[in-house]
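Commentary on secondary and tertiary structure
Residue strings, one per chain:
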Amino acid sequence: MILTDRQAAARRRELVDLLRDKGIEDPAVLEAVGAVPRHRFIPGTGLHGQAYHDLALPIGEGQTISQPFTVARMTELLGLRRGERVLEVGTGSGYQAAILATMGARVFSVERHEPLLRRTKPVLEKLGLSVRTRAGDGTFGWPGYAPFDAIVVTAGGPTIPDELRSQLREPAEGKPDARMLIPVGPAKEHVLHRITRTGPDAFTDETFNDVTFVPLVRD
Ligand code: SAH
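Summarised in this report is the structure supplied together with it.

Cut-offs and rules
- Residues numbered from 1 in each chain as written.
- Predicted model: local features only at pLDDT ≥ 70, side-chain atom pairs only at ≥ 80, totals over all residues.
- Heavy atoms only, no water.
- Helix = DSSP H or I, 4+ residues; strand = E, 2+ residues; numbered from the N terminus.
- Contact = heavy atoms within 4.5 Å.
- Polar contact = N/O pair within 3.5 Å; in protein donor to acceptor, adjacent residues only side chain to side chain.
- Buried < 20%, exposed > 50% of the residue type's maximum accessible area, 1.4 Å probe, protein only.
- Phe/Tyr/Trp six-rings, centres within 6.5 Å; stacked < 30°, edge-to-face > 60°.
- Expected span 1.5 Å × (residues − 1).
- Pairing = 2+ DSSP bridges.
- Axes fitted to C-alpha atoms, helices over the stretch in contact; angles between N-to-C directions.

1. Structural notes on the environment of arginine 12
Counting through the fold element by element, arginine 12 comes out in helix H1 (residues 5-21). For the pair arginine 12 and alanine 51, spaced 39 residues apart in the sequence, the C-alpha separation amounts to 9.2 Å. With near-sequence residues (within four places) excluded, arginine 12 lies in contact with Val33, Gly34, Ala35, Val36, Pro37, His39 and Tyr52. Looking at arginine 12, its side chain comes within polar contact range of the side chain of tyrosine 52, at 3.1 Å.

2. Let's talk about the environment of alanine 51
Examined against the element boundaries, alanine 51 turns out to sit in the loop between helix H2 (27-35) and strand E1 (57-60). For alanine 51, a relative accessible area of 0% corresponds to the buried category. Once residues lying within four places of it in the same chain are set aside, the contact partners of alanine 51 are Arg38, His39, Ile42 and Leu57.

3. Some words on the packing of aromatic side chains
The full count for this structure, using the stated rule, is five aromatic pairs. When the ring of phenylalanine 108 is compared with that of phenylalanine 148, the centres are 5.8 Å apart and the planes differ by 55 degrees; the resulting orientation is tilted. On the criterion of sequence distance, the pair formed by phenylalanine 108 in strand E4 (residues 106-111) and phenylalanine 148 in the loop between strand E5 (131-135) and strand E6 (150-153) is long-range, its members being 40 residues apart. Of the residues examined, phenylalanine 148 reaches a relative accessible area of 0% and is grouped as buried. Between tryptophan 142 and tyrosine 145, the ring centres sit 5.0 Å apart and the planes meet at 85 degrees, which makes this aromatic pair edge-to-face.

4. Examining helix H5 (residues 114-126)
Taking 1.5 Å of rise per residue, the 13 residues of H5 would be expected to cover 18 Å, and the 19 Å separating its terminal C-alpha atoms lies within 8% of that figure. In this fold, the buried residues of H5 make contact with E1, strand E2 (63-65), helix H4 (95-102), E4 and E5. The positive-phi residue at the C-terminal boundary of H5 is glycine 128, with phi of around 70 degrees.

5. So, the sheet that holds E5
By definition, the strands of a sheet pair up through backbone hydrogen bonds, in either a parallel or an antiparallel sense. Read across the open sheet, the seven strands follow the order E5-E4-E3-E6-E8-E9-E10; overall the sheet is mixed. Because the sheet does not close on itself, it has two edges, and the strands there are E5 and strand E10 (202-208). Looking at each pair of strands side by side, their axes are set apart by 20 degrees on average, direction ignored. Relative to E4, strand E3 (residues 85-89) is paired through five bridges, and the arrangement is parallel. Bridge assignment links arginine 85 to a residue of E4, and that residue is arginine 106. Set on the sheet, helix H3 (residues 68-78) makes contact with E6, strand E8 (179-184), strand E9 (191-199) and E10; between it and E6 the angle comes to about 160 degrees.

Written out as structure tokens, the structure reads:
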């Protein structure tokens with residue numbers, strides 16, 4: 001199905017209402033969902049009719065574009081400020097990165113499947129969103145651009161990689177502590193954790209009700 005810009009905008013407004021009903025409260029997150037054309041992040045046009053349903057959809061390489069609720073909830077829990085440096089692990093379709101960039105973050109995103117990245121980069125560029133991307137294993141973070149104010153891991157794994165923890169910025173005057181959202185646990189039973197760096201060697205760990213994610217792979 002081919003969506004016109006006008007139809008897509010109307011569907012986005014419905015999606016925003018749905019996410020609000022499901023408990024998303026942050027106005028900046030809802031505004032970004034209302035602005036980012038999710039259908040452009042879904043390859044082909046066959047699934048565009050479902051682009052604004054609250055569903056994960058296939059994007060190739062056995063991967064999916066995350067469910068809008070998952071993206072909105074994780075972004076809300078990040079508590080982003082404009083200008084913050086954010087590392088994303090698992091670029092996938094680029095939709096989560098687009099939401100973060102629309103909210104004024106400086107986004108660095110790592111994806112292990114290069115073919116996905118080849119498709120995603122031009123989509124982000126066409127929308128004028130500046131997101132720096134790299135193919136590779138994101139469980140090692142992106143040392144060249146560390147430290148980060150926030151890290152969002154969009155695939156679930158068994159443990160929290162130490163490399164990611166250490167790439168969170170140490171506490172600084174006048175800035176909120178750096179935090180990471182990461183799904184942790186055995187396959188299909190991931191629980192969302194928010195790790196906050198409260199000192200050079202101090203971290204807090206909060207958990208949130210489970211949202212489902214695709215596996216985070218370390219070869
Ligand atoms: N943020 C994406 C979600 C895609 S699903 C979006 O908004 O569409 C999760 C992605 O994580 C998949 O594309 C998968 O290939 C990627 N992934 C899994 N393990 C990874 C790893 N170790 N490093 C980088 N990317 C990884």
